[in-house]
Amino acid sequence: MLIDAHCHLDFPAFDADREAVFARARAAGVGRFVVPGTVRRHWERVLALGERAEVDVCLGLHPCFMTEHGEGDVEALARALTAHPEVVAVGECGIDARFPETLDAQWMLFDAQLRLARERRLPPVIHCVRANDRVAKRLRQLAPPAGGLIHAFAGSPEQAKAFLDLGCLVGLGGALTHDRAQRLQRTVAALPDDGYVLETDSPDMPPAGHRGERNEPARVAEVCRRVAELRGQSAERVAADSRANAARLFGLAPGGDGISGSTAG
Ligand SMILES: [Zn+2]
């Protein structure tokens with residue numbers, strides 16, 4: 001059984017056929033899903049998805065939607081975390097240096113969410129684009145007590161190691177399936193077995209061969225096969241390691257999906 005450790009199944013891109021997306025995922029062996037929040041006004045739809053046994057949710061304020069965040073959103077996040085103990089992480093939060101005009105505001109919002117994650121002993125789920133070294137430095141200063149996830153990681157082996165040394169995991173998705181991603185592929189080959197989780201970031205980041213298409217959790221199976229090739233391990237082994245790592249990071253309770261069972265050695 002595979003877990004998609006990061007997918008935006010609450011997005012309107014899935015409104016027309018969400019049940020079919022879950023069914024295709026199940027058929028591909030993907031039985032559990034972690035859905036992060038992005039903006040306050042959509043937390044309700046994330047929490048609603050979390051009522052499904054196979055879905056776990058995070059709440060946070062995403063750095064790519066700075067114009068949507070307002071005064072009081074961090075306080076609202078703190079209240080929501082108190083009201084919803086089922087939330088497994090703070091996120092999606094982080095830094096996206098492709099948007100330099102909002103970078104100062106991004107850092108303020110990220111810092112506030114890191115402090116909240118630390119206070120609640122929850123892992124932060126971190127979106128980190130062109131900012132690996134600065135984010136690692138910030139995490140080193142704050143020492144997140146519950147680890148964290150650097151989702152959609154695309155950096156070097158050294159940058160991965162810096163995050164792992166901080167107790168974080170890296171999220172591996174469609175990016176590594178592209179031929180040009182050779183540095184990332186070297187990183188994947190060098191990761192320790194307990195250092196990563198598999199994810200899709202659906203509806204974004206489709207793997208090679210699906211360019212321009214909506215991505216969906218069934219494709220975490222393709223990511224798994226490619227990771228297995230790069231690491232010289234079986235796909236079953238990679239699926240089992242990823243599942244165990246996600247369960248440990250997010251403190252996932254056994255669901256109806258056999259997460260506590262062992263389908264692979
Ligand atoms: Zn995301």
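It should be noted that the structure appears before, not after, this text.
My aim in this report is to walk through the structure given alongside it, one point at a time.

Thresholds applied
- Residues numbered from 1 in each chain as written.
- Predicted model: local features only at pLDDT ≥ 70, side-chain atom pairs only at ≥ 80, totals over all residues.
- Heavy atoms only, no water.
- Donors = N, O, S within 2.8 Å, 3.2 Å for Na, K, Ca; no water.
- Tetrahedral: all angles 85-135°; square planar, octahedral: opposite > 155°, others 65-115°.
- Helix = DSSP H or I, 4+ residues; strand = E, 2+ residues; numbered from the N terminus.
- Buried < 20%, exposed > 50% of the residue type's maximum accessible area, 1.4 Å probe, protein only.
- Salt bridge = Lys/Arg side-chain N within 4 Å of Asp/Glu carboxyl O.

## A closer look at the coordination of the zinc ion
1) Next: On the protein side, the zinc ion has His6 (NE2), His8 (NE2), Glu92 (OE) and Asp201 (OD) as donor atoms, found 2.1 to 2.4 Å from it.
2) Next: One way to put it: the four donor atoms around the zinc ion meet at angles of 83 to 174°, and that makes the site irregular.
3) Next: All donors of the zinc ion come from a single chain, and their spacing in sequence reads H-x1-H-x83-E-x108-D. In this pair, His6 sits in the loop between β1 (2-4) and α1 (18-27) while Asp201 sits in the loop between β8 (196-198) and α8 (220-231), placing the two residues 195 residues apart along the sequence.
4) Next: With a relative accessible area of 7%, Asp201 lands in the buried category.

## Some remarks on unusual backbone geometry
1) Next: The omega angle of the peptide bond from Gly91 to Glu92 is 20°, so this bond is cis rather than trans.
2) Next: Tracing the backbone shows Glu92 in strand β4 (residues 89-96).
3) Next: Put simply, Ser202 and Pro203 share a cis peptide bond, and its omega is 5°.
4) Next: Counting through the fold element by element, Pro203 comes out in the loop between β8 and α8.
5) Next: With a phi close to 55°, Arg130 is a non-glycine residue in the positive phi region.
6) Next: Within the element layout of this structure, Arg130 appears in the loop between β5 (124-129) and α5 (132-142).
7) Next: Classification of Arg130 by relative accessible area gives exposed; the value is 66%.
8) Next: Unlike most non-glycine residues, Asp201 shows phi in positive territory, near 60°.

## A short note on the pattern of salt bridges
Side chains bearing opposite charge may pair, as long as their charged atoms lie close to each other.
1) Next: As enumerated under the stated definition, the model contains 20 salt bridges in all.
2) Next: In this structure, the salt-bridge partner of Glu68 is Arg41, at a minimum N-O distance of 3.0 Å. Placement of Glu68 in the loop between β3 (55-59) and α3 (73-83) and of Arg41 in the loop between β2 (30-35) and α2 (43-49) is noted, with a sequence separation of 27 residues between them.
3) Next: According to the relative accessible area criterion, Glu68 is partly exposed, its value standing at 35%.
4) Next: Note that Asp193 is salt-bridged to Arg231, the shortest N-O span being 2.7 Å. With a gap of 38 residues between them, Asp193 in the loop between α7 (182-190) and β8 and Arg231 in helix α8 connect regions that are remote in the sequence.
5) Next: A relative accessible area of 13% means that Arg231 is categorised as buried.

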